[in-house]
Amino acid sequence: MPKSRLVHKFMRFTGHLRYVLGPANSSPLDHEMTPQNKVLLASQQAAAAQFVVLKRVDGSSYLVARDPQDQSLR
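Residues numbered from 1 in each chain as written. Predicted model: local features only at pLDDT ≥ 70, side-chain atom pairs only at ≥ 80, totals over all residues. Heavy atoms only, no water.

Enquirer: Is there a simple way to explain the overall build of the protein in this structure?
Expert: On a plain count of helices and strands, the protein comes out with 2 helices and 2 strands. Sequence-ordered secondary structure for the protein, helices as α and strands as β, is α-α-β-β. A buried classification covers 3% of the 74 residues belonging to the protein. Looking at the protein as shown, the accessible area adds up to about 7400 Å², and 61% of this sits on carbon and sulfur atoms. (Helix = DSSP H or I, 4+ residues; strand = E, 2+ residues; numbered from the N terminus. Buried < 20%, exposed > 50% of the residue type's maximum accessible area, 1.4 Å probe, protein only. Areas by Shrake-Rupley, 256 points an atom, 1.4 Å probe, with all protein chains shown as cover.)

Right under this line is the structure:
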């Protein structure tokens, strides 16, 4: 029988720890957003608004800039 690799032993050990101790991060979801998070969210929404998602007939999708004259990403 081949020896187990150290990585497999470590993953098995951490799996047992997660089973006993629970997930590593458990934060409440009902807290208020910080001002920094609000600014970050607004900037990400503005960046996402620059593109349109187009779908092909085969079901795949791709992004196209809303402004065809914008050459900033090319």
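Enquirer: Mind showing me how you'd approach the environment of Asp-58 here?
Expert: Note that Asp-58 resides in the loop between strand S1 (51-55) and strand S2 (61-65). Engagement of the side chain of Asp-58 in a polar contact is seen with the side chain of Ser-60, the distance being 2.8 Å. (Polar contact = N/O pair within 3.5 Å; in protein donor to acceptor, adjacent residues only side chain to side chain.)

Enquirer: Quick question: what am I supposed to make of helix H1 (residues 6-21) here?
Expert: One turn of an α-helix holds 3.6 residues; hence residues three or four places apart share an orientation. Compared with the 22 Å implied by 1.5 Å per residue over 16 residues, the 22 Å span of H1 between its first and last C-alpha is a close match. For H1, a buried count of 1 out of 16 residues is recorded, marking the element as mostly open to its surroundings. Gly-22 sits one or two positions beyond H1 and adopts a positive phi of about 95°. (Expected span 1.5 Å × (residues − 1).)

Enquirer: For this particular structure, what's the right way to read the pairing of S2?
Expert: If a strand is regular, its side chains alternate between the two faces of the sheet. Here 5 bridges tie S1 to S2, and the two strands are oriented antiparallel to one another. Bridge pairing in S2 places Val-52 opposite Val-64. Counting the residues in the hairpin turn of S1 and S2 gives 5 residues, including Gly-59, whose phi is positive at 100°. (Pairing = 2+ DSSP bridges.)

Enquirer: So what exactly am I meant to see when it comes to the confidence of the model for the protein here?
Expert: Detailed reading of the predicted coordinates is not advisable wherever pLDDT falls low. Taken as a whole, the protein shows an average pLDDT of 82; of its residues, 85% reach a score of 70 or greater. Ranking the helices and strands of the protein by mean pLDDT puts helix H2 (residues 35-48) first, with 92, and H1 last, with 85. (pLDDT = per-residue confidence, 0-100.)

Enquirer: What's the story with a nonpolar patch on the surface in this structure? I'm lost.
Expert: Side chains of Phe-13, Leu-17, Tyr-19, Val-20 and Leu-21 sit close together on the surface and give an oily, nonpolar patch of about 630 Å² of accessible area. Following the sequence through the fold, Phe-13 ends up in helix H1. Accessibility expressed as a relative area gives 48% for Phe-13, which makes it partly exposed. (Patch = residues over 30% accessible without salt bridge, like charges linked within 9 Å, V, L, I, M, F, W, Y side chains within 5 Å. Salt bridge = Lys/Arg side-chain N within 4 Å of Asp/Glu carboxyl O.)

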